[in-house]
Amino acid sequence: RSKQLLVLRIRMAHRRRSSSSSSTTSSSSSDGETTSTLGASTTTTTTTTTAAAGPGSDSGSGGRVWSGKGFWFDGGIENDIFDEATKPGSDDYNGTRWEHTAPGEHIRLVLSPHVGRRPAPKHVEEGQGGYEDEGDVPASADIGEEVELVDKGGNGPSGWRKYVPWGKKPEDGEHPHGELLGEWRATAIAGNDITSSCLYTAGLCTVAAGKYAPISLLLVVVSLYLYRNVYSEVGRALPMNGGSYTVLLNTTTKVFASLAACLTTISYIATAVVSANTAMSYLHDGIYDGFPIFWGTIVILGIFAALNLLGLSESANVALGIFALHIATLTILCVWGTIKLIPDWTQMKLNWQTEPIRSVPLDIFYGYCAALLGVTGFETSANYIEEQKDGVFPKTLRNMWYAIAIFNPLTSFLSLGLLSVDDIIENSDALLVRMADVCGGRALSIFVSVDATLVLCGSVLTAYVGIGGLVRRMTLDRCLPGFLLAVNPLTKTCYLIILGFFAVTSSLFLVSLGNINILTGVYAVAFLSVMSLFAVGNILLKYKRGAIPRDVQAAWPVVILALGSTLAGLIGNIVRDVSMFVYFIIYAGATIAIVMSMFARVRIIKLALYFLHRTFLDKYIGDWLRAKVKEIKRQSVIFFAKTDNLEIMNKAVLYTRDNELTERMIIVHFFKSQADIPPRLVERVKLLDEMYPKLRIDLVTVHGEFTPFYVNKLSEQLDVPHNFMFITCPSERFPEKISAFGGVRVITH
């Protein structure tokens, strides 16, 4: 179907070109030669629009108005190839319809090394180049830039216009994220989150499964083992922060990826609430029984909001200390419980003589569904993978799996040997404190309570840090309102994100009246949805991005079984308690509605303008709304084209049109020598520009190499963030990691 649409658009473009050529005349340069243009160049006066004619010109139609940032040059430009003073209005609303964009242009950049710092080429006359031979530039560590306007529709001189020194390349080994995390520090950050669930998972699982809780927890261990390879493959193929949002962003549409991000947001919200409430339960039961759990939960959420407002973030060294203390505490408790159990198996026998709650299969299944709460946090490591050393990410997954595989089933088994099933259910919120009291008395229970409070508060901090990074990434991708990026000038924190997160988490806890079972249900549904979407992302990665190199491959049966295991748990949790699903729908619906409104905001504004145009209100807010439309669509996007393949470039255009709110697309091609430029590249970009009149498509050919360093500098010079740069799927021979390009998006084969 896409090929049929491409053929149809090509035919329409050719018809427009023929019609335009018959009604316009060619523009000639000062020496009498005809100037070839990539679309018509448009200049604006106070009353009329005059176009220099050329192939694809819309002269006289009034249909294409200047759009966005244009490659217009002036001799006085120093640091930007965009001349703001020469840019007329874009995407103007004439009272009845929105005008089309201006036709594109062709620019050539030379990003090549130079010896010393030669002065910028002085103003040259039309038709003269600043350098006669591009290949005569010697190499050195100093990087410079030269800009040539190859085609501007005769509206000014062509030739070399500017030279801007960029300074030296970064030293070898220098990393944009600073010091990278090793195996144990990286494990500790996510490990505090996942091992904190050991404190309440055994109790919740016993509530659902009774005496079969250890079996249910072992099934969760198997499911998590399957996900080790699923996460490892994605992490090695796309080693970029963002988790399921990133993998789906590089394999599906931006809207679908945003849905995954919304579910991740709900998961972080539930993580903070459940962890804070459980921390207060341990403080109440193990240290001071007069402490108010309900209001203490709100206070903990507020304290960590205040700490984050002051600029406090997770320290890997502190996280490692908490993690080590927690593992030591669990080890001591398990060893002590084993010593207590071995001489006397009476309680274990009594518990196994009790009747099933429903039936054996259903008890094990519902226990498995509840026990999946014990692996929340396994996805956390994927959210800071760029800060980890090469090869560390799979090791963090392995270490977390070992911790869960040992402690979750073991604590559940020991609890059945030390306590009755009724006692376990009664103390499900603070089961480990009760076990410690039976094993070692008051001293051990206080020790376990202090450890539990620390590690669970660490999980609250993890939630604040995680939500801050995710929301900031979504806001930069324009999935959320831009005002969320407002920064406190003193602490450099995004305070609106932090305050908003506190407001949402505290309101969720207040609305649920502190019912931890409902909250854990919301927690489980959100988390299992994110895990399932990660498996879906792995499937799409295999199918659509199979050429991306990675040294870990999850077999198809493993991925399918992993997806099935989490989907079964998701369905089971919903069936077990439908009421908690209502709370999940409310918060997920609100989050999704906010994100979807961001994607539709231009249409919403235009609809409002349509009705306002017929009222007196138009003169008060109409201009402001039209300015907002221009501001939203001003952001350009870049697609790096390796060849002149028309089908691939058309896919990129369709992706841009369907996923980004923009009216300007820049197709960039890197070349080492003039002979390497595909012969039909200019012609086909011109054709695409004519095929899509609502999207201005420019071509920039760059004399340089497609490396992270040059892409960074191109991003700075064209004022296009890395997350609005697109590439095709790289082959196995591609020498660089995708993460080295700072968030460049893979959008097609």
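Whatever comes next refers back to the structure up there.
Each residue is numbered by its place in its chain's sequence as written, counting from 1. Note on the predicted model: pLDDT of at least 70 is required for a residue's local features to be given, and 80 or more for side-chain atom pairs to be given and counted; whole-chain, interface and lining totals, by contrast, use all residues. To get the side-chain values, all heavy atoms of the structure are used, and hydrogens and water are removed first.

Undergrad: Any details on the environment of Ile677? Residues and values, ideally.
TA: By definition, any uninterrupted DSSP run of H or I lasting at least four residues is a helix, any uninterrupted run of E lasting at least two residues is a strand, and each is numbered from the N terminus. As for its placement among the helices and strands, Ile677 is situated in the loop between strand E9 (664-671) and helix H21 (681-691). A C-alpha to C-alpha distance of 8.2 Å links Ile677 and Thr643, two positions 34 residues apart in sequence. Contacts are assigned to residue pairs that have any heavy atoms within 4.5 Å of one another. Beyond its immediate chain neighbours, meaning those up to four positions away, Ile677 contacts His669 and Phe671.

Undergrad: Help me get a handle on the packing of helix H11 (residues 392-418) against helix H13 (residues 431-476), residues and values and all.
TA: Fitting a line to C-alpha atoms yields each axis, with helices limited to the stretch in contact; the angle taken between N-to-C directions then spans 0 to 180 degrees. At a closest axis distance of 11 Å, the pairing of H11 and H13 adopts a crossing angle of 50°. When the axes of H11 and H13 are compared, the pair comes out oblique. The crossing of H11 and H13 is left-handed. For the pair H11 and H13, contact is made by Thr411, Leu414, Ser415 and Leu418 and by Leu431, Met435, Val438 and Cys439, respectively. Classes in brief: Ala, Val, Leu, Ile, Met, Phe, Trp, Tyr, Cys and Pro nonpolar; Asp, Glu, Lys and Arg charged; the others, Gly included, polar. Tallied by class, the residues present in the contact of H11 with H13 amount to 6 nonpolar, 2 polar and no charged. An angle below 35 degrees is treated as roughly parallel, one above 145 as roughly antiparallel, one from 65 to 115 as roughly perpendicular, and anything else as oblique. Each crossing gets its handedness from the near helix: less than a right angle anticlockwise from the far helix is left-handed, clockwise is right-handed.

Undergrad: Quick rundown of the pattern of salt bridges? Include the residues and the values.
TA: Put simply, a salt bridge is a Lys or Arg side-chain nitrogen that is within 4 Å of an Asp or Glu carboxyl oxygen. Applying the stated criterion across every chain yields a total of 18 salt bridges. A salt bridge links Asp658 to Arg657; the shortest N-O distance between them is 3.6 Å. Three exposure classes are used, based on accessible area relative to the maximum for each residue type with a 1.4 Å probe and protein chains only: buried under 20%, partly exposed in between, and exposed over 50%. Judged by its relative accessible area of 54%, Asp658 falls in the exposed class. Look at Arg657 and you get partly exposed, because its relative accessible area is 42%.

Undergrad: Hey, could you go over empty space enclosed by the protein for me, with residue numbers and the actual values?
TA: Using protein atoms alone on a 1 Å grid, points that fit a 1.4 Å probe yet trap it form a cavity, whereas open point sets bounded by protein on both sides within 12 Å along at least five of seven lines form a pocket; residues with an atom within 4 Å of a point count as lining. Grid points are joined across faces, edges and corners, and a volume is the space filled by probe spheres set on the points. If you walk through the whole model with that rule in mind, you get 10 cavities of 30 Å³ or more. Taken as a whole, the largest cavity holds about 70 Å³ of empty space. Taken together, Val234, Gly235, Leu238, Met240, Gly243, Thr246, Val247, Ala382, Ile385, Phe393 and Phe534 form the lining of the largest cavity. Among the secondary structure elements, those contributing two or more residues to the lining of the largest cavity are helix H4 (213-237) and helix H5 (244-249).

Undergrad: Could you give me a rundown of the side chain of Ser258, with the residues and numbers involved?
TA: Residue placement: Ser258 occurs in helix H6 (residues 254-286). Owing to a relative accessible area of 0%, Ser258 belongs among the buried residues under this scheme. Look past the residues within four positions of Ser258 in its chain and what remains in contact with it is Tyr245, Met474, Cys479, Val595 and Phe599.

Undergrad: Would you mind going over the side chain of Thr662 in detail, with residue names and values included?
TA: Inspection of the secondary structure assignment puts Thr662 in the loop between helix H20 (646-659) and E9. The buried category is assigned to Thr662, whose relative accessible area is 9%. Whenever two N or O atoms come within 3.5 Å, that pair is a polar contact, provided that in protein one can donate a hydrogen and the other can accept it, and provided that, for residues adjacent in sequence, both atoms are side-chain atoms. Of note is the side chain of Thr662, whose polar atom sits 3.1 Å from the backbone nitrogen of Arg664. Residue contacts for Thr662: discarding those within four places in its chain leaves Arg478, Lys633, Gln635, Ser636, Val637, Thr656 and Leu695.

Undergrad: Which residues make up the nonpolar core, and what are the values?
TA: Note on soluble globular proteins: their nonpolar side chains tend to be buried together. Buried residues of nine kinds, namely Ala, Val, Leu, Ile, Met, Phe, Trp, Tyr and Cys, make up a nonpolar core once their side-chain atoms join them within 4.5 Å. Ranked by internal contacts, the top residues of the largest apolar core, which has 184 residues, are Tyr231, Phe640, Met665, Ile667, Val668 and Leu688. If one sorts the elements of this core by residue count, H13 sits on top with 20 residues. If we skip the residues at most four places from it in the chain, Met665 touches Val637, Phe639, Ala652, Val653, Thr656, Leu695, Arg696, Ile697 and Asp698.

Undergrad: Account for the packing of helix H7 (residues 293-309) against helix H14 (residues 495-511), naming residues and giving values.
TA: The contact between H7 and H14 brings their axes to 9 Å, and the two run at 175°. Regarding the angle of H7 to H14, the classification is roughly antiparallel. Along the contact surface, H7 presents Phe294, Trp295, Thr297, Ile298, Leu301, Gly302, Ala305, Asn308 and Leu309, while H14 presents Tyr495, Ile498, Leu499, Phe502, Thr505, Ser506, Phe509 and Leu510. The residue makeup of the contact of H7 with H14, split by class, is 12 nonpolar, 5 polar and no charged.

Undergrad: Please provide a residue-by-residue account of H6, values included.
TA: One fewer than the residue count of a helix, multiplied by 1.5 Å, yields its expected span. Given a rise of 1.5 Å per residue, 33 residues ought to cover 48 Å, and the 47 Å separating the end C-alpha atoms of H6 matches this to within 8%. When you tally the buried positions in H6, you get 28 out of 33 residues, the bulk of the element.

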